[in-house]
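# Overview (structure and organization)
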Amino acid sequence: MPDFYVYTNRKRPGLHVWREGTALKRYLVPKNLGPGWVKFECDNLNASIENPVRFMLFSFTDKDTFVDWEDGTFNRELPRLPSGEFPPDVWFVSGAPRITLTDPRLRSEASVRVHLISQTRFRPAEMYIWDPALGVARRESQTGEDALGPYFDITLSDDEKSFFNFKFIRKKGEDFTEFEPNSANRWWVSSDGAEVWTHSGDSAVTTTQPVKRTLTMHVRQWIDMPPVLHLWAQNGEFVADLPGNTIAGWTTFKADIYSHLPYGCLIRNPGYDVEWEHEEAKRTHLVVDDDQEWWTLEGDRALFSAEPTPNARLDLTIANTDLSDLGESRFAHVWINRARGPMLDDVPVDNAGKVSLHVYPKVNTSIKFHDEHGVWENLRHVACVQEADSPLHRYVVLERPPLLPEAPPNDLVQDPPFRILRPGAYEEAGKLRFVVHSSHAADMSLIGEWTNWRDHPVQMRITRDGTYWWASVPVADVLAGVAGAADYHGIKYQLLLNQVDARQDPGAGWVEKSSIEGASRLVNHQRFDWGNASWQRPSTDHYIIYQLHPTRFTNRFQHERPLRRVAQEIADQAAYFKQLGVTAIQLLPINEVSSKNSWGYDPAYFYAVEGDYCGPDGPDDLKHLVRVAHEYGLAVILDVVFNHAGGDNILWEVARDSFFDGDTQWGALVNFDHPQCLHFFAQNLVYLANEYRIDAFRLDHTATIVHSAAWDPWSGSVRKLGSGGGWEFLHGLRHAVQHQVPGNCPLMAEHLPNEWSITNYGGPMDSQWGDDFHDRLVDACRRQFGVMPRLANAMQLTHRQCHQWYNVVSYPESHDEVGNVPDRISHVAGYGQGLRMSKVAAAATLLSRGIPLYFMGAESGEHKQFQFGSDEQLDIDLYLTDPDRQRIRGWWRELGWLRRNPSIKGPAPLEVRFAAEQMLAFTRGQNGDFFVVLNFGGWSGHKSLASLHLPWGEYRELFNSTWPAFAVHSEDEGEHTNGGRHARLHGGHALNIPDYGAVVLEKV
């Protein structure tokens, strides 16, 4: 919730939803296509977080990139119900900022009178009416004028009787040519009734006649510089800077404004060092019905109906100074929230650490301490006393912003008696270690089932360098506190921040749900039976990778949870993987996310396994899958997302300043050069590798990691630059894996466009996805003119650009390339040859040099797009019963087995011998041991092997994609054999080449 309904002319609209001041960013795919009414669903939008949620439209290109963003004036704010919840439905239209909560089509009007409030500029005026989806527009002349301005009597067409967009045009010279700005675009809906009023330059529409009213605003400031009231009509053209009259510390401003229309104001002081009041003090949605008088304090947005006085008492006690460099004599500076000048300065703190302040009630008060030597705290503390007759007492931990309701323990700051290994909870020496980095917490405790939650919290301590909060709890105490518990696996717990806010553990390995206020769960990694532990991480030349989505891979075994379904497809008697020739599976990210039907690239928790993928044993299901895969000879690779955070991310809530310092198109940019950030993510890889026995990792979009501090061709996904350090961050990950994970654990990068320094000597990654290989292969399958030389170059990248053969991952399809765009090979090749072309792509990929990878379904000729947000699964039953798909899969399987030949796998050389006429021929092996001919075109016939530059020697036909075992009957594929494995071929022979086919020769 909620569902968004938009009326638009966009054919492929998208909806960007984000929460201000948080990591939440979503790019929603519609449930139906435009133009017309389009629906978007937004699941798991947490209403308990008070930050405003905004949304705006954009369009998807054919490649699913984001273009044609709405004007910035249409950053609509999602309203809240009186309960604080979000509404179930939201309705809006393209080209106007207004929102309604009911379907505008439920009522209709035959006509409407529209009044335009304008003093002079729009006298006279024309009204411009348009349909934002149909593109139909018309102009209406004014019917007349009254004291407010022109009015228009509009007879509505059938398409306009429920709603329409409108704006006004003023005269320029003799003609009506000057339109209002887009910020004034209005949307009339039938529930407004038959008569409405609006102000020139303002998008607001009111059903009550506005009248001029007097606004009186009294401002109190602590700056020795005359203030000016900057007043504006929201989304309108009216702006005024008003002088004031100062008496007894209060400056009074008066202005005549219209009732029922929204205004905003901010204080500025021309000539002052910081001229404008802080943005947080912006007072908006000021709507008056009658003459209105308000009082306000510089630095805060609060409005009072009577003059406030500083008659509330705030008592502070400095309870801990161990994290501070302040001397013994301390003083308090006091501001109104974000005010530029202090209302109190140099208020002495007594020897007991106490100070009493008189402040304004119902306003945030900021306090900062300093000593007699001029040493200041690095941050402000904030408190709000609600009532003058109810003093507020709070405790201060210097250099930690929150003020505490209770005194923390005297020994709050101390180092642990153990070496901190990683964030989260882990067992060591019969105790559970809890470790959290929270840069601004002033106090932290553990609560959980064994403490009866808040009844008996376990106090955490903070290290002397202020880096980590920690606790050590005997396992026996945890078990004793939960009735009948024989194992702590699954026992729930939370962190209690600042004695008030219960939050999840950012390093939790298991969470009951993704919301930040949910419960984390303990994971007992010792309880899982790994069985035969003979598996060793394989060498790099072992890998033939099958990329899959845990939920959407198979439609079989629906009684199992997704990770166990995948295991069934490996181990069952009729397992699908037994028909494939792969040696590794690569899972799309399995980290906990906050959205439904996710691909996994919106991480909410990095250590926790997505709950929807698991059964009652939680993350043990991932271990089960890994164990089964290893038993059947399959390595397991995980895709991890370390460049940004998604959703209402727990790291943003607990330590945003440490973990984030920029922005990307997907979410908040990770702060790569922060030491605790590096430790968090490096230990995440170590944790997954050691506890789940993961064999290798693929890192999402490392270009964003490396190029986050400057604009260049690789930083296109960065919206706000960070402080950098991405290169060193990746090296830190590599160092942790090399020194803390036994065996060979390769790191594979998605780095677009390719940048070979990241994988060559001195680079932090072992391999990177071959973007050029994929793109040129798809171009060839589209039969693009002139692509063969470029495909030849891409096939030889490991020789020409790379220091090692494994620096490139070669793939015909991936989740992005068949999800963000409909580039399944069998689809781009076109109807009638797509399945045959799938076999050509298989030969190009599996016999290439580098690490081969393909996305689930490619091996059976799947043509459907892997739609984002969908829950559609592969129809494995169809794959297993359809004869053509069986034969295509047989071709992929045989080439997968051929891949294991020493002349093809690993560093065996590749040489392109022919690249023209939609054909490519290349050799594999030191002595041209294999000769592969790929035909991407519709021509078939005989061609001299000498003209294809077959090396010297005698060859046999090892595989032919048209042999009966592989032929696609639905595309009328006829056999183009060359005598099979008993025939002998050399440069003097002509090769029978199939259209949309492949032939593999082996030297004998």
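Residues numbered from 1 in each chain as written. Predicted model: local features only at pLDDT ≥ 70, side-chain atom pairs only at ≥ 80, totals over all residues. Heavy atoms only, no water.

Short version of the rule: UniProt positions are given in the numbering used here, feature names are shortened, and annotations may be inferred rather than shown by experiment.
If you look the protein chain up in an unreviewed UniProt entry, it shows as 1,4-alpha-glucan branching enzyme from Aeoliella straminimaris. According to UniProt, the comment filed for the protein chain under the heading Catalytic activity (unreviewed entry) is "Transfers a segment of a (1->4)-alpha-D-glucan chain to a primary hydroxy group in a similar glucan chain." Under the UniProt heading Sequence similarities (unreviewed entry), the entry covering the protein chain gives this text: "Belongs to the glycosyl hydrolase 13 family. GlgB subfamily."

### Comments concerning the overall build of the protein chain
To be explicit about the condition: Elements are defined by DSSP. Helices are runs of H or I of four residues or more, strands are runs of E of two residues or more, and each kind is numbered from the N terminus. All radius of gyration figures rest on C-alpha atoms, and the globule criterion is 2.2 Å times the number of residues raised to 0.38. Each residue is placed in one exposure class: buried if its accessible area under a 1.4 Å probe, protein chains only, is under 20% of its type's maximum, exposed if it is over 50%, and partly exposed if it falls in between. The criterion used for residue contact is that any of the two residues' heavy atoms lie within 4.5 Å. Only the protein chains shown count as cover for residues, and all accessible areas are computed by the Shrake-Rupley method using a 1.4 Å probe. We score Asp and Glu as negative and Lys and Arg as positive, and we do not count His or the chain ends. Charge placement uses NZ in Lys and CZ in Arg. For Asp and Glu, CG and CD serve respectively.
When helices and strands are tallied, the protein chain shows 15 helices and 62 strands. At 34 Å, the protein chain has a C-alpha radius of gyration in line with the 30 Å of a compact globule built from 1004 residues. Taking all 1004 residues of the protein chain together, 61% fall into the buried category. Partitioning the contacts of the protein chain with sequence separation of at least 6, the portion at a separation of at least 24 is 68%. When the accessible area of the protein chain is evaluated, it comes to approximately 38000 Å², of which 47% is carbon and sulfur surface. With 96 positive and 131 negative side-chain charges, the protein chain shows a spacing of 4 Å between the two charge centroids.

### Overview of the pattern of salt bridges
The condition is simple: Think of a salt bridge as a Lys or Arg side-chain nitrogen and an Asp or Glu carboxyl oxygen that are within 4 Å of each other.
According to the stated counting rule, one finds 51 salt bridges in the structure shown. Notably, a salt bridge pairs aspartate 487 with arginine 527, separated by 2.9 Å at the nearest N-O pair. Placement of the pair is aspartate 487 in the loop between α1 (475-480) and β40 (492-497) and arginine 527 in the loop between β42 (520-521) and β43 (545-548), with a sequence separation of 40 residues. Of the residues examined, aspartate 487 reaches a relative accessible area of 26% and is grouped as partly exposed. For arginine 698, the salt bridge goes to aspartate 639, with nearest N and O atoms at 2.9 Å. Of this pair, arginine 698 sits in strand β50 (residues 696-699) while aspartate 639 sits in strand β47 (residues 635-640); the two residues are 59 residues apart in sequence, bridging distant segments of the chain. An identical accessibility class is assigned to arginine 698 and aspartate 639; each is buried.

### Observations regarding the nonpolar core
Formally: What is meant by a nonpolar core is a set of buried Ala, Val, Leu, Ile, Met, Phe, Trp, Tyr and Cys residues, joined one to another through side-chain atoms within 4.5 Å.
Among the nonpolar cores identified, the biggest contains 164 residues, and Phe434, Tyr546, Phe681 and Phe697 are the most heavily contacted of them. Listed in part, the 31 residues of the second largest apolar core include Trp222, Val347, Tyr360 and Leu398.

### What to know about the UniProt feature "domain: Glycosyl hydrolase family 13 catalytic" (unreviewed entry) in the protein chain
UniProt tags residues 547-885 as "domain: Glycosyl hydrolase family 13 catalytic" (unreviewed entry). A helix fraction of 36% and a strand fraction of 15% characterise residues 547-885, whose end C-alpha atoms lie 19 Å from each other.

### Here we look at the environment of tryptophan 276
Of note, tryptophan 276 is situated in the loop between β23 (263-268) and β24 (283-286). On the accessibility criterion, tryptophan 276 (35% relative accessible area) is partly exposed. With residues up to four places along the chain from it excluded, the contact list for tryptophan 276 reads His230, Leu266, Ile267, Arg268 and Arg340.

### Focus on the pairing of strand β48 (residues 660-664)
The line we're drawing: Strands qualify as paired when DSSP identifies two bridges or more between them.
For β48, the buried fraction is high: four of the five residues fall into the buried class. Examined bridge by bridge, β48 and strand β49 (residues 668-670) share three bridges and lie antiparallel to one another. Bridge pairing links phenylalanine 660 to valine 670 in β49. Pairing between β48 and strand β51 (residues 718-720): two bridges, direction antiparallel. When the bridges of β51 are listed, threonine 664 appears paired with valine 718.

### Considering the packing of aromatic side chains
Rules: We call Phe, Tyr and Trp rings a pair once their centres come within 6.5 Å, taking the six-membered ring for Trp, and we label the pair stacked below 30 degrees between planes, edge-to-face above 60, and tilted otherwise.
The tally for this structure, following the rule as stated, stands at 55 aromatic pairs. Judged by centre distance (6.2 Å) and plane angle (75°), the rings of phenylalanine 163 and tryptophan 187 are edge-to-face. A residue pair is termed long-range when its members are at least 10 positions apart, and phenylalanine 163 in strand β14 (residues 163-172) and tryptophan 187 in strand β16 (residues 186-189) qualify at 24 residues. The pair formed by phenylalanine 163 and tryptophan 187 is uniform in burial state, with each residue classed as buried. Ring geometry for phenylalanine 166 versus phenylalanine 168: centroids 5.8 Å apart, planes at 85°, classification edge-to-face. In this pair, the class of phenylalanine 166 matches that of phenylalanine 168, namely buried. One aromatic cluster is present, built from ring pairs that chain together Phe606, Tyr607, Phe642, Phe659, Phe672, Phe680, Phe681, Tyr687, Tyr692 and Phe729.

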